[in-house]
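Coordinate inspection notes
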Amino acid sequence: MMPKPVIKGICIFLAALMVLSVGAIIFQVIAAEPGAVLMAAPVTGDNDADYIIPVGLGLLALLAIGICVFLPKMRKKDDETE
């Protein structure tokens, strides 16, 4: 089995890849948005789910990074106080 720092590094790297992939999807959605052009686009009743879903996935990826980084530090503080 690999040492803990290596496993933490791999987890952080994979979470960072998730954030990058969500960012790439957001850029593609923004670039393909017909309203991004300066001409007036017709209102088609489309909702903002194109933006909400990738942003939500990005927040989940940031939460995963936070859990991987800060949860072990919090546990160490709890162990030291006991």
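The coordinates are above.
Residues numbered from 1 in each chain as written. Predicted model: local features only at pLDDT ≥ 70, side-chain atom pairs only at ≥ 80, totals over all residues. Heavy atoms only, no water.

Another aspect to go through is the overall build of the chain. Summing up its helical and strand segments, the chain has two helices and zero strands in all. When burial is assessed residue by residue, the chain has 6% of its 82 residues classed as buried. Carbon and sulfur atoms form 73% of the exposed surface of the chain, whose accessible area is close to 6,900 Å². (Helix = DSSP H or I, 4+ residues; strand = E, 2+ residues; numbered from the N terminus. Buried < 20%, exposed > 50% of the residue type's maximum accessible area, 1.4 Å probe, protein only. Areas by Shrake-Rupley, 256 points an atom, 1.4 Å probe, with all protein chains shown as cover.)

Another point: the environment of V22. Considering the arrangement of structural elements, one finds V22 in helix α1 (residues 4-32). Sequence separation of V22 and G58 is 36 residues, and the distance between their C-alpha atoms is 5.8 Å. Setting aside anything within four residues of it in sequence, one finds V22 in contact with P54, L57 and G58. (Contact = heavy atoms within 4.5 Å.)

Time to look at the state of the cysteines. Following the criterion strictly, the structure yields zero disulfides and no others. Cysteine C11 is unpaired, with the sulfur of C68 as its nearest cysteine sulfur at 4.5 Å. The exposure class assigned to C68 is partly exposed, which follows from its relative accessible area of 27%. (Disulfide = S-S within 2.5 Å.)

Further remarks concern a positive patch on the surface. Together, K4, K8, K73, R75 and K76 make up a region of like positive charge exposed at the surface. Listing elements by their share of the positive patch, those giving two or more residues are α1 and α2 (49-81). Looking at which element gives the most residues to the positive patch, the answer is α2, with three residues. Within the element layout of this structure, K76 appears in helix α2. (Patch = residues over 30% accessible without salt bridge, like charges linked within 9 Å, V, L, I, M, F, W, Y side chains within 5 Å. Salt bridge = Lys/Arg side-chain N within 4 Å of Asp/Glu carboxyl O. Lys, Arg positive; Asp, Glu negative; His and termini not counted. Charge placed at Lys NZ, Arg CZ, Asp CG, Glu CD.)

On to a nonpolar patch on the surface, then. A grouping of M1, M2, V6, I7, I10, F13, L14, L17 and L20 is seen on the molecular surface, where their side chains present a nonpolar patch of about 940 Å² in accessible area. Within the fold, F13 resides in helix α1. In this structure F13 comes out as exposed when scored by relative accessible area, which is 52%.

A separate point is the environment of G58. Along the chain, the position of G58 falls in helix α2. For G58, a relative accessible area of 14% corresponds to the buried category. Through-space distance from the C-alpha of G58 to that of L20 is 8.7 Å; in sequence the pair is 38 residues apart.

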